[in-house]
Structures are given as C-alpha cells and as structure tokens.
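Examination of the molecular architecture
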Amino acid sequence: MEDSKWVTLNVGGVIFTTTRSTLTSREPNSMLARMFNTNQPIKSDRDAQGAYLIDRNHGFLVYDKHISLAGLSMEAKFYGFHGIMGLIEEEKRKEIARLKRFLPHYAFPEWQ
C-alpha cells in the first residue's frame, strides 16, 4: 500500500477524500483504520480512478439528522466505530422515552 497522506474512498458510488491519519487515529481498531494501517493493511479493491471501494451505503458516513438511530447503530457496528456506540445507545433510550410519553399504550420493540 502506498504511504500517501491523502486517501480516496468510493463508498456506494460516492467519492470521499480524507487523510490517512483521520481514518486511523480516532478508532484504531475500526475497519477503516485497519484498511489504511501502513503496517498490515486490509486488502481492498479499487475503482478505475484508484479510489478504495467500500460496498456500503454512503449516507451513514455523512451527518444527517434524519438517519434512524437503528441504521446508524448498524453502520457503526459494521465499520467498527465502537467509541460512538454508547452515544447512539443513549440517544435510542431518549427516543424511546419520548415516544412512550406520547404513545403510552404502544409496545416498543427493542432496537438492535
């Protein structure tokens, strides 16, 4: 793997460019950190322009207040962003509590 400062990702057809340190520093055990660890990178296919391919919906990599917490939780688990999981779980509990106040007789399923 080349040791370039900049990395280009093709996530579900959407192109993202960021630094290698952004991908490897905050969550060192995440899938993205492991992909771009210069010591033992995980192999990944590239598109015709050389961007690393990730066959996933790009929407969860960009902040959007309309993304469901269940979906965000699923994607955080996929990418291995364990540091954010506690925050997501807390927001899920708050959302269930809000819904229960407005719909007290509804049985709420547990979100995964």
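Owing to the predicted nature of the structure, the values given are computational and were not obtained by experimental measurement. Within each chain, residue numbers correspond to sequence positions counted from 1 in written order. Whole-chain, interface and lining totals are the exception, using all residues; otherwise, since this is a predicted model, local features are given only for residues with pLDDT of at least 70 and side-chain atom pairs are given and counted only at 80 or more. To get the side-chain values, take all heavy atoms of the structure and skip hydrogens and water.

The subject of this paragraph is the overall build of the protein. Looking only at helices and strands, the protein features 4 helices and 3 strands. Labels follow the DSSP assignment, with helices taken as runs of H or I lasting at least four residues and strands as runs of E lasting at least two, numbered in each case from the N terminus. Mapped from its N terminus to its C terminus, the protein presents α and β elements in the order β-β-α-α-β-α-α. Buried residues are those whose accessible area, probed at 1.4 Å on protein chains only, stays under 20% of the maximum for their type, while exposed residues exceed 50% and partly exposed ones sit between those limits. The buried share among the 112 residues of the protein stands at 27%. Contacts in the protein between residues far apart in sequence, at least 24 positions, make up 38% of those at least 6 positions apart. Summing over all exposed atoms, the protein offers an accessible surface of approximately 7,900 Å²; the carbon and sulfur share of this is 54%. Pairs of residues are marked as contacts when any of their non-hydrogen atoms sit within 4.5 Å. Method for areas: the Shrake-Rupley scheme with a 1.4 Å probe, in which residue coverage is limited to the protein chains shown.

In this analysis, strands are considered paired if DSSP registers two or more bridges between them. In terms of strand pairing, strand E1 (residues 6–11) meets strand E2 (residues 14–19) through 6 bridges, oriented antiparallel. Bridge pairing in E2 links Thr8 to Thr17. What sits between the antiparallel neighbours E1 and E2 is a turn of 2 residues, in which Gly12 has the positive phi angle 60°.

All right, on to the side chain of Thr19 then. Among the structural elements, Thr19 can be located in strand E2. Whenever a nitrogen or oxygen atom comes within 3.5 Å of another N or O atom, the pair is scored as a polar contact, on the condition that within protein one atom can donate a hydrogen and the other can accept it, and that pairs from neighbouring residues in sequence are kept only if both atoms are in side chains. A polar side-chain atom of Thr19 sits 2.8 Å from a polar atom in the side chain of Thr22. With residues near it in sequence (within four places) discarded, Thr19 still touches Lys5 and Trp6.

With that settled, consider the environment of Lys5. Looking at the element boundaries, Lys5 is found in the segment before E1. Residue Lys5 is classed as exposed on the basis of its relative accessible area, which comes to 59%. As for Lys5 and Thr18, which are separated by 13 residues in sequence, their C-alpha atoms are 8.5 Å apart. Other than its neighbours up to four places away in sequence, Lys5 contacts Thr18, Thr19 and Arg20.

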